[in-house]
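Residue-level structure breakdown
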Amino acid sequence: MLLLLLTTAVLFAKTNMPAGSFLTKPVTSNAELAKLVREDKLVGLRYSKHFGMEPAVLAKYFEENLTVSTLSKSTTYTVYFIAKNGNIISHKKQLKAGTKVFLNWNGEPIIDVKCGNPMTKSLPMKPVVRVDTPPIQITEPTMALLPANPVVEVPSTPEITPTLVEEPTMMVAAEPPEELTPVTRVAPLQYLLVPSLLGAVGVLGGGGGGGTVVPEPSSLLVLGIGGAGMLMSYRKRFSIAIGRRRDTRNQ
């Protein structure tokens, strides 16, 4: 602390700056103020202690946000200065119209240009202006591509269930009853031949005196031939009758 007081006294004597000034030499612009804060450790230490910020950060803030202007009217401000013991104290001070000051980005007076003494305890940060830029949408041209293998929809074949179809039963007309040709019953040949043979024997035997009749061989031969003729005639008529009955059935 003693060193700070001695250094301040020496600087006041050498630079002829007003008593209690933050600056060690005069500045005329924000660029000169920022340069002095970076190069002069005593000045940087004073501002850093007052604003609670590093000298490099303060120097950048002064470059980007401060401008030099003059007061349009006399106004009373709270001004901070360096006391003889090295402490930073404040007092009310009226600044006349036309006094040069450093204005902040919002138009507020914050530093007296003549001595560099602050007129505020804090430095408002400049709000970041966010410009919402709508995203640029780049639409790429689309090419219509034909499908490599076109899909052909094939209608589904309905499932065929085999159905058993019963074959119709054919109605066969009943055959008409056969017309039976009346057949005249003919007595068996042996029964016909016996009386004939007997009659022939009697005739051929002729009258004798009632003795035993012995037929002659010639008579027997005649009877045999006659019987064979009758038998053949019977068979022929029987065959014709059977043929007519078969023809009637086929019709």
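The structure presented is a predicted model; accordingly, all values stated were derived computationally and were not measured. (Residues numbered from 1 in each chain as written. Predicted model: local features only at pLDDT ≥ 70, side-chain atom pairs only at ≥ 80, totals over all residues. Heavy atoms only, no water.)

**Considerations on the overall build of the chain**
Within the chain, the regular secondary structure consists of six helices and five strands. Scanning the chain from its N terminus toward the C terminus, one meets helices and strands in the order α-α-α-α-β-β-β-β-β-α-α. For the chain, with 251 residues in total, the buried portion stands at 23%. In the chain, of all internal contacts separated by at least 6 residues, the share reaching a separation of at least 24 is 55%. (Helix = DSSP H or I, 4+ residues; strand = E, 2+ residues; numbered from the N terminus. Buried < 20%, exposed > 50% of the residue type's maximum accessible area, 1.4 Å probe, protein only. Contact = heavy atoms within 4.5 Å.)

**Let's talk about the nonpolar core**
One finds Leu 23, Leu 33, Tyr 47, Phe 62 and Ile 111 to be the most contacted residues of the largest nonpolar core, which totals 22 residues. Residue assignment for this core shows that the elements contributing at least two residues are helix H2 (30–39), helix H3 (41–51), helix H4 (55–65) and strand S5 (109–112). Setting aside residues up to four positions removed in sequence, Phe 62 forms contacts with Asn 30, Leu 33, Ala 34, Val 37, Tyr 47, Phe 51, Ile 111 and Leu 123. Leu 71, Leu 95, Leu 103 and Met 119 belong to the second-largest nonpolar core, a separate cluster that totals seven residues. (Core = buried A, V, L, I, M, F, W, Y, C linked by side-chain atoms within 4.5 Å.)

**Considerations on the side chain of His 50**
As for its position among the elements, His 50 is in helix H3. Polar contacts involving the side chain of His 50 include one to the main-chain carbonyl oxygen of Thr 120, which spans 2.9 Å. His 50 has contacts with Phe 22, Tyr 80, Ile 88, Pro 118, Thr 120 and Lys 121, leaving out every residue within four places of it along the chain. (Polar contact = N/O pair within 3.5 Å; in protein donor to acceptor, adjacent residues only side chain to side chain.)

**Side note on the pattern of salt bridges**
Counted by the stated rule, this structure contains one salt bridge. For Glu 63, the salt bridge goes to Arg 38, with nearest N and O atoms at 2.9 Å. One end of the pair, Glu 63, is in helix H4; the other, Arg 38, is in helix H2, with 25 residues separating them in the sequence. (Salt bridge = Lys/Arg side-chain N within 4 Å of Asp/Glu carboxyl O.)

**Examining the packing of H2 against H4**
Any two packed helices are characterised by the angle at which their axes cross and by the distance between the axes. Relative to each other, H2 and H4 sit at 175°, their axes nearing to 8 Å. Accordingly, the angle class assigned to the pair H2 and H4 is roughly antiparallel. The residues of H4 that touch H2, namely those facing Asn 30, Leu 33, Ala 34, Val 37 and Arg 38, are Pro 55, Ala 59, Lys 60, Phe 62 and Glu 63. (Axes fitted to C-alpha atoms, helices over the stretch in contact; angles between N-to-C directions. Parallel < 35°, antiparallel > 145°, perpendicular 65-115°, else oblique.)

**Re the sheet that holds S5**
Strand-to-strand pairing in sheets goes through backbone hydrogen bonds, with the strands running parallel or antiparallel. Strand order in the open sheet made by the three strands is S1-S4-S5, with antiparallel pairing throughout. Every other strand in the sheet has two partners, leaving strand S1 (67–70) and S5 as the edge strands with one partner each. Within this sheet the neighbouring strands show an average axis-to-axis angle of 45°, counted without direction. Here S1 pairs with strand S4 (residues 100–103) via four bridges, running antiparallel. Along S4, the bridge assignment pairs Val 68 with Phe 102. (Pairing = 2+ DSSP bridges.)

**Regarding H3**
Because each turn of an α-helix spans 3.6 residues, side chains separated by three or four positions end up pointing in the same direction. A large share of H3 lies buried, amounting to eight of its 11 residues. Of the residues making up H3, those classed as buried are Leu 42, Val 43, Gly 44, Arg 46, Tyr 47, Ser 48, His 50 and Phe 51. Looking at where H3 begins, the residue whose side-chain oxygen comes 3.0 Å from the main-chain nitrogen of Leu 42 is Asp 40. Downstream of H3 by a residue or two, Gly 52 has a phi angle that is positive, lying close to 70°.

**A few points about the packing of H3 against H4**
Between H3 and H4, the shortest axis-to-axis distance is 9 Å and the interhelical angle comes to 90°. It follows from the interaxial angle that H3 and H4 lie roughly perpendicular. Note on element contacts: H4 touches H3 through Pro 55, Leu 58 and Phe 62, opposite Gly 44, Tyr 47, Ser 48 and Phe 51. Tallied by class, the residues present in the contact of H3 with H4 amount to five nonpolar, two polar and no charged. (Nonpolar A, V, L, I, M, F, W, Y, C, P; charged D, E, K, R; others polar.)

**Side note on the layout of surface pockets**
Of the voids in this model, the second largest pocket is the one considered here, and its volume is about 240 Å³. Around the second largest pocket, the lining comprises 17 residues; the ones closest to its centre are Lys 93, Leu 95, Asp 112, Lys 114 and Cys 115. Contributing elements (two or more residues each) for the lining of the second largest pocket: strand S2 (75–82) and strand S3 (88–95). Among the elements that make up the lining of the second largest pocket, the one with the highest residue count is S3 (four residues). Among the residues making up the lining of the second largest pocket, the classes are represented as seven nonpolar, five polar and five charged. (1 Å grid on protein atoms, 1.4 Å probe; cavity = no way out; pocket = protein on both sides within 12 Å on 5 of 7 lines; lining within 4 Å. Points joined across faces, edges and corners; volume = space filled by probe spheres on them.)

**With respect to the packing of aromatic side chains**
Per the stated rule, a full pass over the model turns up four aromatic pairs. For the ring pair Tyr 47 and Phe 51, a centre distance of 6.3 Å and an interplane angle of 5° mean the geometry is stacked. Of this pair, Tyr 47 and Phe 51 both sit in helix H3, four residues apart, which is roughly one turn of that helix. Assigned by exposure class, Tyr 47 and Phe 51 land together as buried. With a centroid separation of 6.5 Å and an interplanar angle of 70°, the aromatic rings of Tyr 61 and Phe 62 are classed as edge-to-face. We classify Tyr 61 as buried; its relative accessible area is 5%. (Phe/Tyr/Trp six-rings, centres within 6.5 Å; stacked < 30°, edge-to-face > 60°.)

So yeah, pure geometry; function would need other evidence.
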